[in-house]
Structures are given as C-alpha cells and as structure tokens.
Amino acid sequence: MARRLGIMGGTFDPIHMGHLVTAEQARVDVGLDEVVFVPAGAPWQKSGGRAVSAGEHRYLMTVLATAANPFFSVSRIEIDRGGPTYTVETLRSLRASLTDTELFFITGADAILNILTWKDAGEAVDLASFVAATRPGYDLAALEEHDLTRQVTLLDVPALAISSSDVRARFEAGRPVRYLIPREVEEFARKHGLYGTHGQGLAAADVGVS
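Every value quoted in this text rests on a predicted model; they were computed, and no experiment measured them.

### Topic: the nonpolar core
One finds I15, V35 and F37 to be the most contacted residues of the largest nonpolar core, which totals 30 residues. Going through the elements one at a time, α1 (17-29), β2 (34-39), α2 (55-66), β4 (101-108), β5 (129-133), α8 (164-173) and α9 (183-191) are the ones with two or more residues in this core. Apart from residues lying up to four places away in sequence, I15 is in contact with L20, F37, M61, T62, A65, T66, I181, P182 and V185.

Here it is in structure tokens:
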C-alpha cells in the first residue's frame, strides 16, 4: 500500500496552534502516515507586502513547535532552494524523490480560494490531492465554480480563527499570546527580537503573575 504523506505548507511567521491542529486533524481524518511541514523560503505572493521573518528563524520555530509529535517532521526544501517559493516546484521535487507515496497538500481555505493564481496551478492539483481546512468567514462555494471539488478534500477544523497576523499584532502590542502559539515558539520569538519583542521578557499575564 502506498504511503500517504501530508505536506503542510505555509510561511509560519510564526507557526501557531491552528497550524498544528490542522495538521493533526488532517493526519487522522485523511489517514496520513506522516505530515511534513514545509516553511516557505521567499513567498512570491508576499514579495510586495510586509517583510517576512528570516527563513532560518521560521524553520527553527517550526521545528520547536512540531518536535513533540512523532508523526510530524519539518523540511528545509524551500528554505534552502533560494529564490521565490512556488508550491508546484516543491511538489515536483517531492514527487521525483518519493516513490510509492501519495501526496496531500494541506492548506487553509483562504489559500485554496486563490489556487488559480498559483504558478502552474493545474499541474499542482495533478501532483497532489489538496486538503482545505475551513476557517470562519470563507465561502468555499468558489471551489464548485472552478470544478475543484474533486481535487480538494474539505477539512472541518475547530478554532481556526487564530492567524499569524493576529499573533504578530499581539506581540507588537504587548498582548498575551499564550495558548495561541507553542510556548517554545514564544520564547524563541522573544529571544531573537521578532515581531517587535526586542528586549521584552515574558509578560506577567503570560506567566500567571499578578
């Protein structure tokens, strides 16, 4: 029987509990043998927007966040490739190197709705089955309009209102992020001065100090 590998792609800036819950839910519901997290190297769709944290920092935060789950692993394939990151290139590389393996690309509903803007989107959906985690506020009816329902498995995941952008905003405002991201990720971000946290220790609200 072919091995079933989940691929959890994302910027992970920072990785949060929603990512981990989604990966675990996909592993169980889709029947995956393993989920590999693939932090993006230089996300092309973010090139004109905000600055993305260094790839090495995002990779190490992802390693810290996933270390306790024996079914999770982290790949450097996009971090080490250099240049703009395209999902289809990652899928091509994995398909070429992995034999007797079915690929399942896991992402959020918002990304699925933009799938037709991706580079070589038609090839991407041929290389892997897509798993879309539902999030509040996204209308997935567009999948039917573009005849993508056969290639996309919808995954009902609880508590996906968490977002990396909100976590970054909380860091910058000095608001608590406990239970939104793993403790190790919070400590790493503060240690390296990410998200406007330079020089900050753990907030009293985060450690239960009154």
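### Considering the packing of aromatic side chains
Aromatic ring pairs are described here by two measures, namely the spacing of the ring centres and the angle between the planes. Enumeration over the complete set of coordinates arrives at four aromatic pairs. Pairwise contacts between aromatic rings join F12, F37 and F72 into one cluster. Directly above the aromatic system of F71 lies the positively charged group of R27, at a separation of 4.0 Å from the ring centroid.

### Quick notes on the pattern of salt bridges
Under the defined criterion, the tally for this structure stands at 12 salt bridges. The partner of R92 in a salt bridge is D120, with the nearest N and O atoms 2.8 Å apart. Here D120 lies in the loop between α5 (109-113) and α6 (121-127) and R92 lies in helix α4 (residues 87-97), a separation of 28 residues in the sequence. Accessibility expressed as a relative area gives 32% for R92, which makes it partly exposed. Each member of the salt-bridge network shares a partner with another, and the members are R183, E186, E187 and R190.

### Examining α8
Buried residues of α8: S164, V167, R168, R170 and F171, and no others. Projected down its long axis, α8 carries its buried residues within an arc of 160 degrees, all on one side. Opposite the buried face of α8, by more than 90 degrees, sit the exposed residues E172 and A173. Along its buried surface, α8 packs onto α1 and α9. Note on α8: the residue one or two positions beyond its end, G174, has a positive phi of about 75 degrees.

### So, the side chain of H19
When you line up the elements, H19 lands in helix α1. Given a relative accessible area of 14%, H19 falls into the buried group. Once residues within four sequence positions are removed from consideration, H19 is found in contact with M8, F12, P14, F37 and S164.

### A short note on α4
Listed in full, the buried residues belonging to α4 are T87, V88, T90, L91 and L94. When α4 is viewed along its axis, its buried side chains cluster within an angular range of 155 degrees and face the same direction. The exposed set on the far side of α4, more than 90 degrees from its buried face, consists of A96 and S97. Buried residues along α4 sit against β1 (3-10), β2, α3 (77-81), β4, α6 and β5.

Rules used in this analysis
- Residues numbered from 1 in each chain as written.
- Predicted model: local features only at pLDDT ≥ 70, side-chain atom pairs only at ≥ 80, totals over all residues.
- Heavy atoms only, no water.
- Core = buried A, V, L, I, M, F, W, Y, C linked by side-chain atoms within 4.5 Å.
- Buried < 20%, exposed > 50% of the residue type's maximum accessible area, 1.4 Å probe, protein only.
- Helix = DSSP H or I, 4+ residues; strand = E, 2+ residues; numbered from the N terminus.
- Contact = heavy atoms within 4.5 Å.
- Phe/Tyr/Trp six-rings, centres within 6.5 Å; stacked < 30°, edge-to-face > 60°.
- Lys NZ or Arg CZ within 6 Å of the ring centre and 35° of its normal.
- Salt bridge = Lys/Arg side-chain N within 4 Å of Asp/Glu carboxyl O.
- Arc of directions from axis to C-beta.

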